[in-house]
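Coordinate inspection notes
Residue-level listing of the chains:
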Amino acid sequence: MKKTICFILFVFMLAFGLVVPMPETTAFAENAMPEITSKSAYLVDYQTGTVVFEKNADERLPIASMTKLASLSVVFDYLSKGIIKENDLVTVTETAAAVGGSSAFLDAGSRYKVCDLIKTVVIASANDSTVALAEFVAGSEETFVSKMNKLSNSLRLENTNFVNSTGLPAENHYSSAKDMVEIYKTVCNNPLYKKYSKVWMEDFVHPSGRKTGLVNTNRLVKTFDGIEGGKTGYTDKAKFCLTASASRGNTRLVGVVIGATDSKTRFAEMSKLFSFGFANFETKVIVNGDVPISVASAKNGKNNATVYPEKSIVRFMPKSENLELSTDYEIYEIKAPLSKGEVVGKMFVFDKNNMVVDEVNLVTDTDIQEVGFKERLEKIVGLW
């Protein structure tokens, strides 16, 4: 029953620097901590939250249009609850159409689908679309912002406060690199966000038939292998900012850069962070939640059920670290009837000293029905 998983990792250090796949990025040794000139930076493993790199990660700073990640999070929450729908039509007010900065050039009085406005926010960081969505969802931008701050409070973010939905300059509007990771996590797995986050260029067709060309503000969608998406930001005070994620193999990283001196530096330093993370760390799957462990039979059960781990167990670790773990499991004595997903056992993860370092529930993949009285009687008679 006991299955041993042994992972012996060998890291061969390069004799010369690793060149990041961006023309403007300088070379660095793969095991050397990257030099970051931005005011603040943060890099973590998505699954475990393990910190790979941090610089002033808790400092309260203006974040410009990265604010829109919180705005999108509120909109996505309303969509998931069915309060609004993707094809609902939003009438653009004069106020929304007149918002300055990056824009989709919406026509005041025209009606746009919610999903189309979201597209312009994700791809082109459109301020007018953000305000239009805020007004549609909450009746006013002010009320919408209160919902953004409610989101921040629910995530227990201590260094975040929103004053508007766009990130345009405002007193007392700030966040931190560490907080931005948590906000990004509420958005990055949303199907609509994923649909648009890697679009490089697209024509946006207005109800009148007029077209506006959208260009992704996140240049890494064209230059960095494994990039999933992200949100840029810029104001004179915030300077150049970026929150983004990237995946390679089983490893998924989330990074934040705030206060870079210019756009080139913003993308180069994010690339440095990601490249450092992927070069030196990896995610090992210790227990795969998609792989069956056993078959459970229940007392008085009409059928058996396949047993799976309730979730995967992973380890995010340096590639230079040796890992020797083993697993074992037990199936409880169970009695029918049982519903799909009920806990019927437990799997344990042991270290080389046979100490339990992790555990996960085992659950059924289907209902286990109870044998009826008639069937049990027929079975007893058959034994005679």
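Computed from a prediction, not measured in an experiment: that's the story for all the values here. (Residues numbered from 1 in each chain as written. Predicted model: local features only at pLDDT ≥ 70, side-chain atom pairs only at ≥ 80, totals over all residues. Heavy atoms only, no water.)

1. Considerations on the sheet that holds strand E2 (residues 40–45)
Rule in force here: Pairing between strands is defined by DSSP: at least two bridges between the two strands are required. Each helix corresponds to a stretch of at least 4 residues labelled H or I by DSSP, and each strand to a stretch of at least 2 residues labelled E; elements are numbered beginning at the N terminus. To get an axis, fit a line to the C-alpha atoms, keeping to the stretch in contact for a helix; angles then go from 0 to 180 degrees between the N-to-C directions.
Ordered in space as E3-E2-E10-E9-E8, the 5 strands form an open sheet in which the pairing is antiparallel. Two strands bound the open sheet, and with one partner strand each, they are strand E3 (51–55) and strand E8 (227–235). Taken over all neighbouring pairs, the strand axes of this sheet differ in orientation by 5° on average, direction set aside. Pairing analysis gives 4 bridges linking E2 to E3, with the strands arranged antiparallel. Its bridge partner being in E3, Leu43 is matched across the sheet by Phe53.

2. Some details on the packing of aromatic side chains
Definition in use: Centres within 6.5 Å are what make two rings of Phe, Tyr or Trp a pair, Trp counting through its six-membered ring; a difference in plane orientation under 30 degrees is then read as stacked, over 60 as edge-to-face, and the rest as tilted. Exposure categories follow from relative accessible area, calculated using a 1.4 Å probe and restricted to protein chains: below 20% of the type maximum is buried, above 50% is exposed, and the middle band is partly exposed. A ring is considered to have a charge above it if a Lys NZ or an Arg CZ atom is located within 6 Å of its centre and within 35 degrees of its normal.
One pass over the structure, following the stated rule, counts 8 aromatic pairs. Judged by centre distance (6.2 Å) and plane angle (90°), the ring pair of Tyr184 and Tyr193 falls under edge-to-face. The exposure class of Tyr184 is buried, given its relative accessible area of 0%. A centroid spacing of 6.4 Å and a plane angle of 45° characterise the contact between Phe348 and Phe350, whose relative ring orientation is tilted. With respect to burial, Phe348 and Phe350 carry one shared label: buried. Three or more aromatic residues joined by ring pairs make a cluster, and in this case those are Phe224, Phe274 and Phe278. A cation over an aromatic ring shows up here: Lys185 above the ring of Tyr46, its NZ or CZ 5.4 Å from the ring centre.

3. Quick word on the pairing of strand E6 (residues 201–205)
Inspection of the sheet shows E6 paired to strand E7 (residues 211–215) by 5 bridges, in the antiparallel sense. Counterpart to Val205 in the pairing with E7 is Lys211. Here E6 hands over to E7 after 5 residues, with Gly209 in that stretch at a positive phi of 100°.

4. Some details on the confidence of the model for the protein chain
Spelled out, the test is: Every residue carries a pLDDT, the predictor's confidence in it, which falls somewhere between 0 and 100. Contact between two residues is taken to exist if any of their heavy atoms lie within 4.5 Å; hydrogens are not considered.
Looking at the protein chain as a whole, the pLDDT averages 89, with 89% of positions reaching at least 70. Overall, residues 1–29 carries pLDDT values under 50, and its contacts beyond four positions in sequence, including any with other chains, amount to 75 contacts.

5. Observations concerning the pattern of salt bridges
Test applied: Just to be clear on terms, a salt bridge is a Lys or Arg side-chain nitrogen sitting within 4 Å of an Asp or Glu carboxyl oxygen.
Enumeration according to the criterion identifies 8 salt bridges in this entry. The salt bridge partner of Arg252 is Glu228, with a shortest N-O separation of 2.9 Å. Placement of the pair is Arg252 in strand E10 (residues 251–260) and Glu228 in strand E8, with a sequence separation of 24 residues. Residue class for Glu228 comes out partly exposed when judged on its relative accessible area of 22%.

6. Quick look at the side chain of Ser271
For clarity, the cut-off: Any N or O atom pair separated by 3.5 Å or less is treated as a polar contact, with the protein-specific requirement of one donor-capable and one acceptor-capable atom, and with residues adjacent in sequence counted only for side-chain atom pairs.
Secondary-structure assignment places Ser271 in helix H9 (residues 263–280). For Ser271, the side chain forms a polar contact with the main-chain oxygen of Phe267, separated by 2.9 Å.

7. Thoughts on unusual backbone geometry
Following Ala336, the chain continues into Pro337 via a peptide bond in cis, with omega recorded as 0°. In this fold, Pro337 is placed in the loop between strand E15 (323–331) and strand E16 (343–350). You will see that Ser125, though not glycine, has its phi angle at about 55°, which is positive. Within the secondary structure, Ser125 is located in the loop between helix H3 (114–124) and helix H4 (127–138).

8. Considerations on the pairing of E8
A large share of E8 lies buried, amounting to 7 of its 9 residues. Bridging between E8 and strand E9 (residues 239–248) involves 8 bridges; their strand directions are antiparallel. Note on E9: the bridge partner recorded for Gly229 is Ser245. In this antiparallel pair of consecutive strands, E8 and E9, the connection spans 3 residues.

9. Digging into helix H1 (residues 68–80)
The line we're drawing: One less than the number of residues in a helix, times 1.5 Å, gives the span that helix is expected to have.
Between its terminal C-alpha atoms H1 stretches 18 Å, which fits the 18 Å expected from 13 residues at 1.5 Å a residue. The element H1 is largely enclosed, with a buried count of 11 among its 13 residues. When we look at burial in H1, the residues that qualify are Lys68, Leu69, Ala70, Ser71, Leu72, Ser73, Val74, Val75, Phe76, Tyr78 and Leu79. Following H1 by one or two positions, Gly82 has its phi on the positive side, about 80°.

10. A word on the packing of H1 against H4
Filter applied, for reference: Should an angle lie under 35 degrees it is considered roughly parallel, over 145 roughly antiparallel, and from 65 to 115 roughly perpendicular; all remaining angles are considered oblique. Working rule for handedness: look at the near helix, and if it is turned counterclockwise from the far one by less than a right angle, call the crossing left-handed; if clockwise, right-handed. The classification used treats Ala, Val, Leu, Ile, Met, Phe, Trp, Tyr, Cys and Pro as nonpolar, Asp, Glu, Lys and Arg as charged, and all other residues, Gly among them, as polar.
One can describe the packing of H1 onto H4 by two numbers: an axis separation of 11 Å at closest approach and a directional angle of 40°. Taken together, the axis directions place H1 and H4 in an arrangement best described as oblique. Where H1 crosses over H4, the two elements pack in a sense that is left-handed. Judged by residue contacts, Lys68, Ser71, Val75 and Tyr78 of H1 engage Asn127, Thr130, Leu133 and Val137 from H4. Residue composition of the contact of H1 with H4, grouped by class: 4 nonpolar, 3 polar and 1 charged.

11. A look at the environment of Lys39
Inspection of the secondary structure puts Lys39 in the loop between strand E1 (3–7) and E2. On the accessibility criterion, Lys39 (42% relative accessible area) is partly exposed. Separated by 202 residues in sequence, Lys39 and Cys241 have C-alpha atoms that sit 9.8 Å apart. Every residue in contact with Lys39, bar those within four places of it in the chain, is listed here: Lys55, Asn56, Glu59, Leu61, Lys237, Ile258 and Gly259.

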